[in-house]
Amino acid sequence: MKAFFHRYLKIIDRFIIGKYLGTFIFTMGIFMVISVVFDVSEKLDNFLNKHASLHDIVFRYYAGFIPFYLNMLSPLINFLAVIFFTAKMANQTEIVPILSGRASFNRFLRPYVIASSIIFVVSFFANVYLIPFTNRLKIDFENANGMMDNDPTKVEVHMQIDKHTFVYLANYDPTTHLGYNFIMEKFNGDTLREKLIAEQIQYDSLKRIWSLKQYSVKYVNGMKEQFITSNTPKDTVLDMHPSDFIVYDNVYQAMSLSDLNKNIDKEKLRRPEYLKAIYFEKYHRFVYPLSAFVLTLIGVSISSRKVRGGVGLPLGIGILLCFAYIILERFALVFSVKGGMTPLIAVFIPNIVFGILGYYLLLKAPK
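The residue count restarts for each chain, going from 1 along the sequence in the order it is written. Local features in a predicted model are, by the rule used here, given only for residues with pLDDT of at least 70; side-chain atom pairs are given and counted only at 80 or more, and totals for whole chains, interfaces and linings are based on all residues. Think of the side-chain values as coming from all heavy atoms in the structure, minus any hydrogens and water.

A. Inspection of the side chain of Asn 127 at higher detail. The numbering of helices and of strands both runs from the N terminus, where a helix is a DSSP run of H or I of at least 4 residues and a strand a run of E of at least 2. One can find Asn 127 in helix H5 (residues 105-144). Side-chain atoms alone can form a polar contact between residues adjacent in sequence; in general such a contact is a pair of N or O atoms within 3.5 Å, and within protein one must be able to donate a hydrogen while the other accepts it. A polar contact of 3.0 Å, which involves the side chain of Asn 127, links it to the side chain of Asn 71. Among residues more than four places away in sequence, those in contact with Asn 127 are Asn 71, Pro 132, Arg 285, Tyr 288 and Pro 289. Only heavy atoms enter the contact rule, under which two residues are in contact if any of them lie within 4.5 Å.

Printed below as a string of structure tokens:
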């Protein structure tokens, strides 16, 4: 293995790869410390009021918080790392001898591609396997300690639980598993056969059944109708679960890939309006790591030229470009969920736009 590296990686390759990865890890460590310090100062009162244990705070909340935000900020961190050490090399006139020694600019890019490939592999593994698991730790902790920003009470819930049965719930409170103004309609084709109305419906988590209170049922058989009204609670088994009424903004980010695929099949029938968000999350996990290549290309192209401003000028331009990438990446979700754009196309928009920009800058880079 050592002979392989010495044969195919020259001294300058190992130097650039070491600088790239070293600066990336160091910058990531700085961002991690800063983000944790600010978050602790913001959430400290909440931790104390909820009497959360130190073990849960460290190994559940921050075990999810740190990977999530480092992964979200990884394009920015990667971009800053590339620009910082490349601009420093250019400012110290270290790139000119490399290009003057019959090495093409594409050959100069080889160690950057290798280092960004390493980051891509790590980011891909994190997005597909690690981040969903750590997100689940964080979300479970926030739910248990009342830290979610979402209003737990869901209103105007419409859902189809099978091919013939539709349900409606005016209000549902997941903390008490209690719903109000429940309506269930069963159809035979387009013909209504049964309509059940209950003022309250509550889930028993031990028996795994629903209890109907003050309910009435209308049976329809052609021109004949039969009504049944009762004030006595009735226990029944329905093909729905309290989790079906709880849709947090980030719930899909805490699902494994297999769970996402299962929810796609379920939501096609029950709540098709959430399908785009699930598809976007699924595709995003595979496409987001590509930013390592796109932003590395842009970073090298704008920072490999020696300028009077030193490191500051390309670093400032890089920060603006990277924030533009992150903003466009966030807007891609809006384009998909709210704008009607196909999720697979939406997830590629940031990388396509900035990939074209990177190619243009590459053509203008000093050769």
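Okay, back to it.
B. The pattern of salt bridges, seen in detail. Any Lys or Arg side-chain nitrogen located within 4 Å of an Asp or Glu carboxyl oxygen qualifies as a salt bridge. According to the stated counting rule, one finds eight salt bridges in the structure shown. With a closest N to O distance of 2.8 Å, Arg 107 and Asp 13 form a salt bridge. Linking Arg 107 in helix H5 with Asp 13 in helix H2 (residues 11-49), this pair joins segments that are 94 residues apart in sequence. In this structure, Lys 43 engages Asp 39 in a salt bridge whose closest nitrogen and oxygen atoms are separated by 3.2 Å. A residue pair is termed a helical-turn pair when its members lie 3 or 4 positions apart in one helix, as Lys 43 and Asp 39 do in helix H2 at four residues.

C. Molecular detail of unusual backbone geometry. In the Ramachandran plot, His 51 falls in the positive-phi region, its phi being about 55 degrees despite a non-glycine side chain. Think of it in three bands: with a 1.4 Å probe and only protein chains considered, a residue is buried below 20% of the maximum accessible area for its type, exposed above 50%, and partly exposed in between. What makes His 51 exposed here is its relative accessible area of 71%. At Asn 181, a residue that is not glycine, the phi angle is positive and equals roughly 55 degrees. Mapped onto the elements of the fold, Asn 181 is located in strand E3 (residues 178-188).

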